[in-house]
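What follows is each chain in one-letter form.
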Amino acid sequence: MKSADAAYDAIRLQILSGSVTPGTRLIEADLARDLQTSRTPIREALRRLEAEGLLEVSPHRGARVSEWTLEDLREIYDLRSALESMAAERAAIRISEETLAELVALCDEMDGQAPARTSASRDRISALNNRYHDLVREAAASPRLNTMIQSVVQLPLVSATFHRYRAPDMQRSANQHRELIEALRVGDGQWAGAVMRAHVLAAKATLVKPDIADGSDIAVGLDAPNS
């Protein structure tokens, strides 16, 4: 692996895992030391991460992990709902029986983790949910669409979702996962797309809630650990 690719993967993982929080400045010299490489591949990695929207880079202040506003959050989930519903619609006429069986197994495990309501169980559900959505995207068989979705969903904001879910939210998500499998099983693209759209928009609603005190909108969980 090229040094720049290795640096990119390492820094990106730190951002997406939440170990480097929004607003944190990233110093080239420090990164080069920690990753045991020169500053040239670090610089290239930072440019790639800036292009993905994970970093903000300015000539005099260097690189800083992007911070996300309420409007950013709304836009991210609106994009997800459009793109992932398209993927589900395509997947309905392409998905295999093996993939359907794996989706069912993932749902079973998520259901088993849900009652615990611990941070560890939510992390596990998040990982299982990511795999579930990955399988649907893969079944869509559209590399371009998958690339577009990945550029939107792999953000710390998105991975915070399950840590904000209450019991009714968890049950709704589980029901939607099961309904999507049925839509995929019968090959109904419109049904599958509609379920996926509702699923993503429901996740959006858990992160953007009205502030009862003053009636304004607030974004919750923006700094939460690891949908």
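Scroll up for the structure.
Residues numbered from 1 in each chain as written. Predicted model: local features only at pLDDT ≥ 70, side-chain atom pairs only at ≥ 80, totals over all residues. Heavy atoms only, no water.

A. Geometry of the pairing of strand E2 (residues 55-58). Inspection of the sheet shows E2 paired to strand E3 (residues 62-65) by four bridges, in the antiparallel sense. Looking at the pairing, Glu56 lines up with Arg64 of E3. The antiparallel pairing of E2 with E3 creates a hairpin that spans three residues between the two strands. (Pairing = 2+ DSSP bridges. Helix = DSSP H or I, 4+ residues; strand = E, 2+ residues; numbered from the N terminus.)

B. Main features of the layout of surface pockets. Approximately 210 Å³ is the volume found for the second largest pocket. Forming the walls of the second largest pocket are 15 residues, and the residues nearest its centre are Asp111, Ala114, Met170, Gln171 and Ala174. Listing elements by their share of the lining of the second largest pocket, those giving two or more residues are helix H5 (97-113), helix H6 (119-140) and helix H9 (167-185). For the lining of the second largest pocket, the leading source of residues is H9, giving seven residues. Of the residues that constitute the lining of the second largest pocket, the class distribution is eight nonpolar, three polar and four charged. (1 Å grid on protein atoms, 1.4 Å probe; cavity = no way out; pocket = protein on both sides within 12 Å on 5 of 7 lines; lining within 4 Å. Points joined across faces, edges and corners; volume = space filled by probe spheres on them. Nonpolar A, V, L, I, M, F, W, Y, C, P; charged D, E, K, R; others polar.)

C. Main features of the packing of helix H4 (residues 70-91) against helix H7 (residues 143-153). Where H4 contacts H7, the two axes come as close as 10 Å, and the packing angle between them is 150°. By the criterion of interaxial angle, the relationship of H4 to H7 is roughly antiparallel. As for how H4 packs across H7, the hand of that crossing is left-handed. In this structure, H4 contributes Ile76, Leu79, Arg80, Leu83, Glu84, Met86, Ala87 and Arg90 to the contact, and H7 contributes Leu145, Met148, Ile149, Val152 and Val153. Per-class residue counts for the contact of H4 with H7 are 10 nonpolar, no polar and three charged. (Axes fitted to C-alpha atoms, helices over the stretch in contact; angles between N-to-C directions. Parallel < 35°, antiparallel > 145°, perpendicular 65-115°, else oblique. Left-handed = near helix turned anticlockwise from the far one by under 90°. Contact = heavy atoms within 4.5 Å.)

D. Fine view of the pattern of salt bridges. The final tally for this structure, using the stated rule, is 20 salt bridges. A salt bridge links Arg137 to Asp134, with the shortest nitrogen-to-oxygen separation between them at 2.7 Å. Placement of both Arg137 and Asp134 in helix H6 is noted, with a separation of three residues, approximately one turn of the helix. In this structure Asp134 comes out as partly exposed when scored by relative accessible area, which is 24%. When salt bridges with common partners are traced through the structure, they connect Arg80, Glu84, Asp134 and Arg137 into a single cluster. (Salt bridge = Lys/Arg side-chain N within 4 Å of Asp/Glu carboxyl O. Buried < 20%, exposed > 50% of the residue type's maximum accessible area, 1.4 Å probe, protein only.)

E. Representation of the nonpolar core in the model. Counting 39 residues, the largest nonpolar core has Tyr77, Leu103, Tyr132, Val136, Leu180, Leu184 and Ala192 as the members making the most contacts within it. Residue assignment for this core shows that the elements contributing at least two residues are H4, H5, H6, H7, H9 and helix H10 (189-207). In this view, Leu180 contacts Ala88, Tyr132, Val136, Ala192, Val195 and Met196; residues no more than four positions away in its chain are not counted. Grouped together as the second largest cluster of nonpolar side chains are 17 residues, Leu16, Leu54, Ala63 and Val65 included. (Core = buried A, V, L, I, M, F, W, Y, C linked by side-chain atoms within 4.5 Å.)

F. Seen up close, H9. With 19 residues, H9 extends 27 Å from end C-alpha to end C-alpha; this agrees with the ideal 27 Å at 1.5 Å per step. Along H9, the residues classified as buried are Asp169, Met170, Ser173, Ala174, Gln176, His177, Leu180, Ile181, Ala183 and Leu184. For H9, the secondary structure elements touched by its buried residues are H4, H5, H6 and H10. Phi turns positive, to about 75°, at Gly187, one or two residues after H9. (Expected span 1.5 Å × (residues − 1).)

G. Spatial organisation of unusual backbone geometry. For Arg117, which is not glycine, the phi torsion reads 55° and is therefore positive. Along the chain, Arg117 falls in the loop between H5 and H6. Of note, Ala141 is a non-glycine position whose phi angle comes to about 55°, a positive value. With respect to the helices, strands and loops of the structure, Ala141 is situated in the loop between H6 and H7. Classification of Ala141 by relative accessible area gives partly exposed; the value is 48%.

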